[in-house]
Amino acid sequence: MGLESSDMSCFISDFVQKYGGYAVVDGGFATELERHGANLNDPLWSAKCLISSPHLVRRVHLDYLDAGANIILTASYQATIQGFEAKGLATEEAESLLRRSVEIACEAREIYYDNCTKGSWDLVENGNTTRRPVLVAASIGSYGAYLADGSEYSGDYGDAVTLQKLKDFHRRRLQILAEAGADLIAFETIPNKLEAKAYAELLEEEAINIPAWFSFNSKDGINVVSGDSILECASIADSCRQVAAVGINCTPPRFIHGLILSIRKVTSKPIVIYPNSGETYDAQLKEWVKSSGVSDEDFVSYIGKWHEAGASLFGGCCRTTPNTIRAISGVLSNKSSSPFKS
């Protein structure tokens, strides 16, 4: 069942306020799938596991829930109808796999709840112990993620990719994921203003009745990766009634503070932050270069500063692990009375 417009815009801020002024998002998905033995050297990347190893997808969701995540993202970042069809699947199979990505995350949430004993439920309300709430966010990666050529890290799609082409590409996928049982849609690693505009128009045109967040990526701490202004991109998100949070993902931690301050200038919506480990991705070699990454301790040391700057949802992206999320959850819950409590 969907929400009214006013409810959608307040959905995440109400969720965050109710549970201590912050929420914890999960961490790197492909990183964990590989650790569990999956081979992701494929244009479908982590979405390949929806076909070959759904049990591993469920396992990774559970690892993050056990680490303290309040919000888990589905394994659909690189799952597109066009991508599945290119692997020889029928359209109906492709659509079924998109739905399955949400079902697996919802199953993991139920397993997690079933496994919880009253003693381990870690939320106390009015003296009563209750289970920690968990939201399932259906992940939608950019057009560049589907291309699997690194263009989600440049935002350069060429002149042939128009606003209408992007809307046509994403439309059916968005419809399916919005109806599959997720609590919200997470548009991730948005590399340019054009794609943000396409998403905003699609949400309106399709009358999507669950909330969304828009999360951009940056390589300079000032603009999104295409060079478009983060102020302009965040303004597009702010003006869309279905967008309930705006933020940054897959960006080195050192750039996050300045980006939060920029986003805060143009929106009062909650800010979601889930950076990568700070390592550099070589799109040609399709591998991470361990040069400038930060440890979990260093990563977590930023959290207080980011919260102070205005962010309220925190997690990790590429190369972060359940240990990272456990550390984030720990530092937030330890300090939820001050300075973290709103």
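Note: the structure precedes this text.
Definitions and limits used
- Residues numbered from 1 in each chain as written.
- Predicted model: local features only at pLDDT ≥ 70, side-chain atom pairs only at ≥ 80, totals over all residues.
- Heavy atoms only, no water.
- Pairing = 2+ DSSP bridges.
- Helix = DSSP H or I, 4+ residues; strand = E, 2+ residues; numbered from the N terminus.
- Contact = heavy atoms within 4.5 Å.
- Axes fitted to C-alpha atoms, helices over the stretch in contact; angles between N-to-C directions.
- Buried < 20%, exposed > 50% of the residue type's maximum accessible area, 1.4 Å probe, protein only.
- Right-handed = clockwise from strand over helix to strand, strands pointing away.
- Phe/Tyr/Trp six-rings, centres within 6.5 Å; stacked < 30°, edge-to-face > 60°.
- Lys NZ or Arg CZ within 6 Å of the ring centre and 35° of its normal.
- Core = buried A, V, L, I, M, F, W, Y, C linked by side-chain atoms within 4.5 Å.
- Parallel < 35°, antiparallel > 145°, perpendicular 65-115°, else oblique.
- Left-handed = near helix turned anticlockwise from the far one by under 90°.
- Nonpolar A, V, L, I, M, F, W, Y, C, P; charged D, E, K, R; others polar.

*Asks:* Would you explain the sheet that holds strand β7 (residues 212-216) in this entry?
*Replies:* Adjacent strands of a sheet form backbone hydrogen bonds with each other and so pair up, either parallel or antiparallel. With respect to topology, eight strands assemble into an open sheet ordered β1-β12-β9-β8-β7-β6-β5-β2, the strand pairing being parallel. The open sheet has two edge strands with one neighbour each: β1 (23-24) and β2 (71-73). Strand contacts of helix α9 (residues 193-205): β5 (135-140), β6 (184-190), β7 and β8 (243-249), with the helix running at about 175° to β7, the strand carrying the most contacts.

*Asks:* What is the right way to read the pairing of β8 from this model?
*Replies:* Among the seven residues that make up β8, seven are buried, leaving the element largely enclosed by the rest of the structure. Where β7 and β8 come together, five bridges link them in parallel fashion. The residue bridging Ser215 from the neighbouring strand is Gly247, located in β8. Following the backbone out of β7, through helix α10 (residues 230-239) and into the adjacent parallel β8, one traces a crossover that is right-handed. Pairing of β8 with strand β9 (residues 271-274), which is carried by four bridges, proceeds in the parallel orientation. From the neighbouring strand, Ile248 faces β9, where its bridge partner is Ile273. Regarding topology, helix α11 (residues 256-266) serves as the crossover connection from β8 to the parallel β9, and that connection is right-handed.

*Asks:* It is not clear to me how the packing of aromatic side chains should be interpreted in this structure. Could you clarify?
*Replies:* Here the distance between the centres and the angle between the planes together describe a pair of aromatic rings. If you walk through the whole model with that rule in mind, you get 13 aromatic pairs. Consider the rings of Phe187 and Phe214, whose centres lie 5.3 Å apart with planes at 80°: the pair is edge-to-face. Taken together, the positions of Phe187 in strand β6 and Phe214 in strand β7 put the pair 27 residues apart, joining distant regions of the chain. Summarising the burial analysis for this pair, Phe187 and Phe214 share the class buried. Note on Phe299 and Trp306: the rings are 6.0 Å apart at their centroids and 85° apart in plane angle, and the pair reads as edge-to-face. Among the residues examined, Phe299 registers a relative accessible area of 1% and is labelled buried. Members of the aromatic cluster, each reached through a chain of ring pairs, are Tyr143, Tyr146, Tyr157 and Phe169. The ring of Phe255 has Arg254 sitting right over it, with the charged end atom 4.7 Å from the ring centre.

*Asks:* What is the right way to look at the environment of Val224 in this model?
*Replies:* Within the secondary structure, Val224 sits in the loop between β7 and α10. Separated by 35 residues in sequence, Val224 and Thr189 have C-alpha atoms that sit 9.4 Å apart. Each residue touching Val224, except ones within four places of it in the same chain, is listed here: Pro191, Asn192, Phe216, Asn217, Ser218, Ile230 and Cys233.

*Asks:* Please explain the pairing of β6 as it appears in this structure.
*Replies:* Along a regular strand, successive side chains alternate from one face of the sheet to the other. The element β6 is extensively covered by neighbouring structure, given that seven of its seven residues are classed as buried. Inspection of the sheet shows β5 paired to β6 by four bridges, in the parallel sense. Considered in β6, the bridge of Ala138 is made with Ile185. After leaving β6, the chain enters α9 and then returns to the sheet as β7, a path that is right-handed.

*Asks:* Any chance you could explain the nonpolar core here in plain terms?
*Replies:* As a rule of thumb, nonpolar side chains are buried together in soluble globular proteins. Ile185, Phe187, Phe214 and Phe216 are the most contacted members of the largest nonpolar core, which totals 86 residues. At 10 residues, helix α6 (residues 91-115) tops the list of elements feeding residues into this core. Sequence-distant contacts of Phe187, defined by excluding residues within four places in its chain, comprise Ile140, Leu174, Tyr199, Leu203, Ala212, Trp213, Phe214 and Ser215. Core analysis: the second largest hydrophobic core is formed by 22 residues, Ala23, Ile71, Leu73 and Leu184 among them.

*Asks:* What should I look at first to understand the packing of α10 against α11 in this one?
*Replies:* For any two helices packed against each other, one specifies the crossing angle of their axes together with the interaxial distance. Across the interface, α10 lies against α11 with an axial gap of 9 Å and an inter-helix angle of 50°. Between α10 and α11, the crossing angle belongs to the class labelled oblique. Of the two elements, α10 crosses α11, and the hand of that crossing is right-handed. Residue-level contacts link Ile230, Leu231, Ala234, Ser235 and Asp238 of α10 to Leu259, Ser262, Ile263, Lys265 and Val266 of α11. Split by residue class, the contact of α10 with α11 holds six nonpolar, two polar and two charged.

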